[in-house]
Amino acid sequence: MELNIDFANTDSNWAEAKEWETWINQDKGGSHEEPNWSFDCSFKLDFDGPILSFSSRFYPPARHYGDGWDGSVTVYHKDEVLAVTEFQAETLNGLVEMVETHCRDYERKVVAAIKDYVS
């Protein structure tokens, strides 16, 4: 689909721009897990999206298999599972501290690897 918008004219057709966005991103299935094309104000074109995402599920005490909180954090690159880490904690505050520390450490390692790769 070719886009025929006069970008010098600020009154250009937003409907056509939005139609193009839908068309160009259709193979992504509406996923926010990978970069998508979008027009910003004044028809600036963006290609934005995450590299990694974290997904987790934790079960409260006495509802699952034990007396404490348990569950896991899964790290994804788009739809690919990169890592799964299991967690168990006696308290909610302990769980929050462990999970946030783990995710920050994982993020730091990924950022360091990217910086090393591009330098």
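Residues numbered from 1 in each chain as written. Predicted model: local features only at pLDDT ≥ 70, side-chain atom pairs only at ≥ 80, totals over all residues. Heavy atoms only, no water.

(A) Structural context of the pairing of strand β5 (residues 80-89). Examined bridge by bridge, strand β4 (residues 69-77) and β5 share 9 bridges and lie antiparallel to one another. In the strand pairing of β5, Thr74 is matched with Val84. What sits between the antiparallel neighbours β4 and β5 is a turn of 2 residues, in which Lys78 has the positive phi angle 55 degrees. (Pairing = 2+ DSSP bridges. Helix = DSSP H or I, 4+ residues; strand = E, 2+ residues; numbered from the N terminus.)

(B) Local environment of helix α2 (residues 92-118). Look at α2: 39 Å from first C-alpha to last across 27 residues, which is about the 39 Å you get at 1.5 Å a residue. Every buried residue of α2 is listed here: Leu95, Val99, Cys103 and Tyr106. In this structure, the buried side of α2 is in contact with β3 (53-59), β4 and β5. (Expected span 1.5 Å × (residues − 1). Buried < 20%, exposed > 50% of the residue type's maximum accessible area, 1.4 Å probe, protein only. Contact = heavy atoms within 4.5 Å.)

(C) Expanded view of a nonpolar patch on the surface. Among the surface-exposed residues, Ile51, Ile114, Tyr117 and Val118 lie close enough to one another that they form a single nonpolar patch of about 470 Å² accessible area. Here Val118 shows up in helix α2. (Patch = residues over 30% accessible without salt bridge, like charges linked within 9 Å, V, L, I, M, F, W, Y side chains within 5 Å. Areas by Shrake-Rupley, 256 points an atom, 1.4 Å probe, with all protein chains shown as cover. Salt bridge = Lys/Arg side-chain N within 4 Å of Asp/Glu carboxyl O.)

Take it as geometry only, folks, not as evidence of what the structure does.
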